[in-house]
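Single-letter residue listing:
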Amino acid sequence: MTTAAKPRSAPGRSARTLVGRSPLRTLGVATLWGIVALSIATLLWMVLQAFRDTRSILGDPWGLPTSADPTNFIHAWTSSSFGLATLNSVLATLVASAVTVGLAAPAAYYLSRIENRLTGFLSLYFILGLGIPVQVVLIPLFVMLDRAQLTDSLLGLNLAYIGLAMPFNVFLLAAFFRSLPLELEEAAALDGASAFSTFLRITLPLARGGLITAFILQVIGNWNETLLALTLLQSTERYTLPVALISFLQQQTYSGADWGGLFAGLCLVVFPMLVVYLWLGRRLTEGLTMGMSK
């Protein structure tokens, strides 16, 4: 009596199943979700404390607000010139981010399409720029901008943001351009289009996801940047939001701690970028994965 042969499983299927159910992966996923839950809980706690006064916060740090009174937000907005600081942050963030991406795009395109000794040296130059921390160049940068009379100005801060962000953006956008097909550019060249016209009309639209990704990353980084703004800006009317928040905290040190106003100031700094990420986070993820496709 013969028995039917059992169907053989696909090779590697059991291995993938074991890997998918491994305790290490389960622990990693649980840890990741734990970090997410802790971050969300911290954010909610910060928002709730922004509607409470200092006495109630110190009496019961885990308590809930009794009303949605925006007094702390009004006090933080007016006492430390958060309104003007918000405008300065918007200007510094948008101008520096747009100019950085606008300058990095043609440079990255050239480095991704031309291969010779010069482009090899320039690529290595930009890669080395990624490994230089801002703390190393902070003093020389301040001295250079001071001699050019560009300290305590948004123009000098924008120039610092643009120069320090160029290596990363060129490196990132070059990877996007290398992932784009060359057939369309070759067809445009056969039709008589110039290199600049091909870059402007064909390559840039195809690389829109990468450009938006680089722009979003720059916006988030420039909005939250504190060290350069704190070093280069001295006048209150030129403070960005992180520096205005530090100034507000220093004021409370001498006049008495206002924890409710401090939490309200933190909300004013954090929530704009949270809204931007929730709005464009999916596009950011898609752009990063597309850039790593090749």
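For clarity, every value in this text was computed on a predicted model and none was experimentally measured.

For A92, the position within the fold is in helix 5 (residues 82-113). Taking the relative accessible area as the measure of exposure, A92 reaches 2% and is therefore buried. For the pair A92 and L154, spaced 62 residues apart in the sequence, the C-alpha separation amounts to 6.5 Å. Discounting chain neighbours no more than four positions away, the residues touching A92 are L157, N158 and Y161.

With that settled, the discussion passes to the nonpolar core. Ranked by size, the top nonpolar core spans 47 residues in total, and within it L157, Y161, V170, L173, F177 and L228 carry the most contacts. Of all the elements, helix 8 (residues 154-178) adds the most residues to this core, at 12 residues. Counting eight residues, the second-largest nonpolar core is a separate cluster that includes M46, I57, A76 and C267.

Inspection of every chain in the model, using the stated rule, returns one cavity of 30 Å³ or more. Counted as a void, the largest cavity has a volume near 40 Å³. What lines the largest cavity is simply S89, A92, T93, Y161, N222, W223, E225, T240 and P242. Secondary-structure elements contributing two or more residues to the lining of the largest cavity are helix 5 and helix 11 (208-224). Here the lining of the largest cavity takes three residues from helix 5, the largest share from any one element. The residue inventory of the lining of the largest cavity, partitioned by class, reads four nonpolar, four polar and one charged.

Moving on, we get to the pattern of salt bridges. Pairing between side chains of opposite charge can happen when their charged atoms approach one another. If you walk through the whole model with that rule in mind, you get three salt bridges. The residue R113 makes a salt bridge to E185 at a minimum N-O spacing of 3.1 Å. In this pair, R113 is assigned in helix 5 and E185 in helix 9 (residues 183-190), connecting sequence segments 72 residues apart. Classification of E185 as buried rests on a relative accessible area of 10%. Between D152 and R238 there is a salt bridge, and its shortest N-O distance comes to 3.8 Å. With D152 in the loop between helix 7 (134-147) and helix 8 and R238 in the loop between helix 12 (227-232) and helix 13 (241-255), this residue pair connects regions lying 86 residues apart in the sequence.

Attention now goes to the layout of surface pockets. One number sums up the size of the largest pocket: a volume of about 550 Å³. Considering the residues around the largest pocket, the lining is formed by 22 residues, among which G129, I132, G163, L164 and A165 are closest to the centre. Elements represented by at least two residues in the lining of the largest pocket include exactly helix 6 (117-130), helix 7, helix 8, helix 11 and helix 12. Per-element accounting of the lining of the largest pocket gives the leading share, six residues, to helix 8. A class-by-class count of the residues in the lining of the largest pocket yields 16 nonpolar, five polar and one charged. In this structure, the second largest pocket occupies an estimated 220 Å³ of space. Looking at the second largest pocket, it is lined by 13 residues, and the ones nearest its centre are Y109, R113, E185, A195 and F199.

Per the counting criterion, the structure on display carries seven aromatic pairs. Measuring from ring centre to ring centre gives 5.1 Å for W45 and F263, while their planes differ by 80 degrees; the resulting arrangement is edge-to-face. With a gap of 218 residues between them, W45 in helix 2 (residues 23-49) and F263 in helix 14 (residues 259-291) connect regions that are remote in the sequence. Looking at W45, the relative accessible area reads 28%, which means it is partly exposed.

Calculation rules
- Residues numbered from 1 in each chain as written.
- Predicted model: local features only at pLDDT ≥ 70, side-chain atom pairs only at ≥ 80, totals over all residues.
- Heavy atoms only, no water.
- Helix = DSSP H or I, 4+ residues; strand = E, 2+ residues; numbered from the N terminus.
- Buried < 20%, exposed > 50% of the residue type's maximum accessible area, 1.4 Å probe, protein only.
- Contact = heavy atoms within 4.5 Å.
- Core = buried A, V, L, I, M, F, W, Y, C linked by side-chain atoms within 4.5 Å.
- 1 Å grid on protein atoms, 1.4 Å probe; cavity = no way out; pocket = protein on both sides within 12 Å on 5 of 7 lines; lining within 4 Å.
- Points joined across faces, edges and corners; volume = space filled by probe spheres on them.
- Nonpolar A, V, L, I, M, F, W, Y, C, P; charged D, E, K, R; others polar.
- Salt bridge = Lys/Arg side-chain N within 4 Å of Asp/Glu carboxyl O.
- Phe/Tyr/Trp six-rings, centres within 6.5 Å; stacked < 30°, edge-to-face > 60°.

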